[in-house]
Amino acid sequence: MNLRKHLRNLTVMTAIAVMTSSCESIDDQRIPPANVNIVFRTIGDWQIYGISGAGQYKQFIRSEKQPAGYPYGMSEYTGFGGLLLTCDPNGEYLVYDLACPVEVKPTVRVEIDSENPLAGVARCNKCGSTYNLFGYGAPLSGEALSAKYGLQKYHIAVGTASTPYAIITR
C-alpha cells in the first residue's frame, strides 16, 4: 500500500513537471560553472561509493569529505555546491549540483526527503522550492517554479566496457 502511494505521488509529480516544462524552457544553468570530475575506477569502487538502484542517493562534497572514506584524487571536483547522485525508477542514473538555483550559494543545498526517496523530490530548506529529480531537475514549487529555475544537471556514464567503470563530468 505504501509503495502504491509512492508510485502515485511520483506519477503526479512527473505529470506536473512535464506540464510546467513543455511550454516554457527551464533555466538549469544558474549555478556558476565549476569543475566536475568523479571517477570510479573499478566496479568495486562503484559498489562501495556509488548507488545500486531507484530511490538511493549519495552526496559528493569534496570540501566536507563526503561520502566518508571516498579517496578523492587530485583531479576530482564536486561542482559548485557538491554533487547529488541518484537513480530513477527506470534505472537511469542522474547527477545534479546540490546548490539551490534560487539561492545560488554553494552552502545552500537541496536535500532529498530521506523518508520518501522514491518520490524523487529535492527541497531547499532556505527558499522552500522543490525539484523533480526524476524529471531532470525541473522545479515543482516555490520561487523556482515561478522563475523556472531547474537544478544544474551533470553527465554520468556507468558500466562502460573499459576503465574507468563510471565517471561523472560537467
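Residues numbered from 1 in each chain as written. Predicted model: local features only at pLDDT ≥ 70, side-chain atom pairs only at ≥ 80, totals over all residues. Heavy atoms only, no water.

Enquirer: I'd like a description of the pairing of strand S10 (residues 153–158), backed by residues and values.
Expert: Where strand S5 (residues 93–97) lies against S10, two bridges are found, and the strand directions are antiparallel. The partner of Tyr96 across the bridge, within S10, is Lys153. Bridge count between S10 and strand S11 (residues 166–169): four bridges; the pairing is antiparallel. By the bridge assignment for S11, Ile156 is matched with Ile168. (Pairing = 2+ DSSP bridges. Helix = DSSP H or I, 4+ residues; strand = E, 2+ residues; numbered from the N terminus.)

Enquirer: Give a description of the state of the cysteines that names residues and reports values.
Expert: Scanning the model with the defined rule gives zero disulfides in all. Residue Cys100 stays outside any disulfide, its sulfur separated by 3.7 Å from that of Cys124, the closest cysteine. There is no disulfide at Cys127, and the cysteine sulfur nearest it, in Cys100, is 3.7 Å away. (Disulfide = S-S within 2.5 Å.)

Enquirer: I'd love a proper account of the sheet that holds strand S9 (residues 138–141), names of residues and values included.
Expert: Ordered by their spatial adjacency, four strands build an open sheet running S6-S7-S8-S9, and the pairing between neighbours is antiparallel. Either end of the sheet is taken by a strand with one partner, and the two such strands are strand S6 (110–112) and S9. Taking the axes of each pair of neighbouring strands and ignoring which way they run, one obtains an average angle of 35° across the sheet. The pairing of strand S8 (residues 130–132) with S9 spans three bridges and is classified as antiparallel. Of the residues in S9, the one forming a bridge with Asn132 is Ala138. (Axes fitted to C-alpha atoms, helices over the stretch in contact; angles between N-to-C directions.)

Enquirer: Describe the packing of aromatic side chains, naming the residues involved and giving the relevant values.
Expert: What the rule picks out here adds up to eight aromatic pairs. Aromatic pair Phe40 and Tyr70: ring centres 6.1 Å apart, planes at 65°, arrangement edge-to-face. A residue pair is termed long-range when its members are at least 10 positions apart, and Phe40 in strand S1 (residues 36–40) and Tyr70 in the loop between strand S2 (57–60) and strand S3 (77–78) qualify at 30 residues. Residue classification places Tyr70 among the buried residues on the basis of a relative accessible area of 9%. A ring pair is formed by Trp46 and Tyr165, whose centres lie 6.3 Å apart and whose planes are at 55°; its orientation type is tilted. In this pair, Trp46 sits in helix H2 (residues 43–49) while Tyr165 sits in the loop between S10 and S11, placing the two residues 119 residues apart along the sequence. Taken together, the aromatic side chains of Phe40, Trp46, Tyr49, Phe60, Tyr70, Tyr72, Tyr93 and Tyr165 make up a single cluster linked through ring pairs. (Phe/Tyr/Trp six-rings, centres within 6.5 Å; stacked < 30°, edge-to-face > 60°. Buried < 20%, exposed > 50% of the residue type's maximum accessible area, 1.4 Å probe, protein only.)

Enquirer: Lay out the nonpolar core with the relevant residues and their values.
Expert: Of all hydrophobic cores here, the largest spans 18 residues; its most connected members are Cys100, Val102, Val110, Tyr131, Leu133 and Leu151. Every residue in contact with Leu151, bar those within four places of it in the chain, is listed here: Asp28, Tyr96, Asp97, Ala99, Pro101, Val110, Tyr131, Leu133 and Gly137. Ile38, Trp46, Phe60 and Leu85 belong to the second-largest nonpolar core, a separate cluster that totals 16 residues. (Core = buried A, V, L, I, M, F, W, Y, C linked by side-chain atoms within 4.5 Å. Contact = heavy atoms within 4.5 Å.)

Enquirer: Account for the environment of Pro67, naming residues and giving values.
Expert: One can find Pro67 in the loop between S2 and S3. Separated by 17 residues in the primary sequence, Pro67 and Gly50 place their C-alpha atoms 9.7 Å from one another. In this structure Pro67 touches Tyr49, Lys58, Gln59, Phe60 and Tyr72, once residues within four positions along its chain are discounted.

Enquirer: Could you give an account of the sheet that holds S5, naming the residues involved and the relevant values?
Expert: In spatial order, the strands read S2-S4-S5-S10-S11-S1-S3; together these seven strands make up an open sheet with antiparallel pairing. The open sheet has two edge strands with one neighbour each: S2 and S3. Bridging between S1 and S3 involves two bridges; their strand directions are antiparallel. In the sheet register, Val36 faces S3, and the bridge partner there is Thr78.

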